[in-house]
Amino acid sequence: MRIAMGSDHAGFDLKDLLATTLESWGHDVIDLGTDNSVDSVDYPDFGAAVGNAVASRRAELGVVVCGTGIGISIAANKVAGVRAAVVHDVTSARLAREHNHANVLCLGARLIGAPVALDALEAWLNAIPGEGRHVGRIAKLHALDERNVEEER
Ligand code: RB5
């Protein structure tokens, strides 16, 4: 699978670890930065970059990391077609994919440790997007995106 990744400085080390792990699992990683943990950068830039990569189908899924996962998730969710979910454990990661068809996983490097982040990543990737009632709800999310795009015109 092709997976776009992004982080700010606070998320850089965890992003690096997750990217290396994804590659070892056979995935193609598109790293959209940032490229170090020292220089302070702005999480909206990287959330938007990953969101755009997923919405344009340059990547099938995205993974973003900042200090809490919150700021970068808000940024990614501004892009129409993105369903970005902040998760803190394996169960929320699995359910984000099964129930919400989350196409961008958001993690907080200052809140969870690397082992939990890796387990959450694996659970999210292995989960199967649910059918039935979930599909109608995703369609309603899509309709909200469409409405927002219309309003921008
Ligand atoms: C950076 O200091 C921090 O604010 C950022 O990584 C993130 O936690 C924002 O949501």
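Above this text you will find the structure in question.
Conventions used here
- Residues numbered from 1 in each chain as written.
- Predicted model: local features only at pLDDT ≥ 70, side-chain atom pairs only at ≥ 80, totals over all residues.
- Heavy atoms only, no water.
- Axes fitted to C-alpha atoms, helices over the stretch in contact; angles between N-to-C directions.
- Helix = DSSP H or I, 4+ residues; strand = E, 2+ residues; numbered from the N terminus.
- Parallel < 35°, antiparallel > 145°, perpendicular 65-115°, else oblique.
- Left-handed = near helix turned anticlockwise from the far one by under 90°.
- Contact = heavy atoms within 4.5 Å.
- Pairing = 2+ DSSP bridges.
- Right-handed = clockwise from strand over helix to strand, strands pointing away.
- Expected span 1.5 Å × (residues − 1).
- Buried < 20%, exposed > 50% of the residue type's maximum accessible area, 1.4 Å probe, protein only.
- Arc of directions from axis to C-beta.

Trainee: Please explain the packing of helix H1 (residues 12-24) against helix H5 (residues 114-126) as it appears in this structure.
Mentor: Where H1 contacts H5, the axes come no closer than 11 Å and their chain directions differ by 45 degrees. One way to sum up the angle between H1 and H5 is to call them oblique. Our pair here, H1 against H5, has a crossing hand that is right-handed. Here Leu 14, Leu 17, Leu 18, Thr 21 and Leu 22 of H1 come into contact with H5, specifically with Ala 114, Ala 117, Leu 118, Leu 121 and Leu 125.

Trainee: Before we go on, may I ask you to explain the pairing of strand E2 (residues 28-31) in this structure?
Mentor: Regular strands place side chains that alternate from one sheet face to the opposite one. Pairing of strand E1 (residues 2-7) with E2 involves four bridges; the strand directions are parallel. Counterpart to Ile 3 in the pairing with E2 is Val 29. Since E1 and E2 lie parallel, the crossover through H1 that links them has a hand, and here it is right-handed.

Trainee: How do you make sense of helix H2 (residues 43-55) when you look at a structure like this?
Mentor: Since one α-helical turn is 3.6 residues long, residues separated by three or four positions face the same way. The terminal C-alpha atoms of H2 lie 18 Å apart, and with 13 residues this matches the ideal 18 Å at 1.5 Å per residue to within 8%. When H2 is considered as a whole, its buried residues turn out to be Phe 46, Gly 47, Val 50, Gly 51, Ala 53 and Val 54. Around the axis of H2, the buried residues are gathered within 160 degrees of arc, so they sit on the same side. Against E1, strand E3 (61-66), helix H3 (70-77) and strand E5 (104-108) lie the buried residues of H2. Phi turns positive, to about 65 degrees, at Arg 57, one or two residues after H2.

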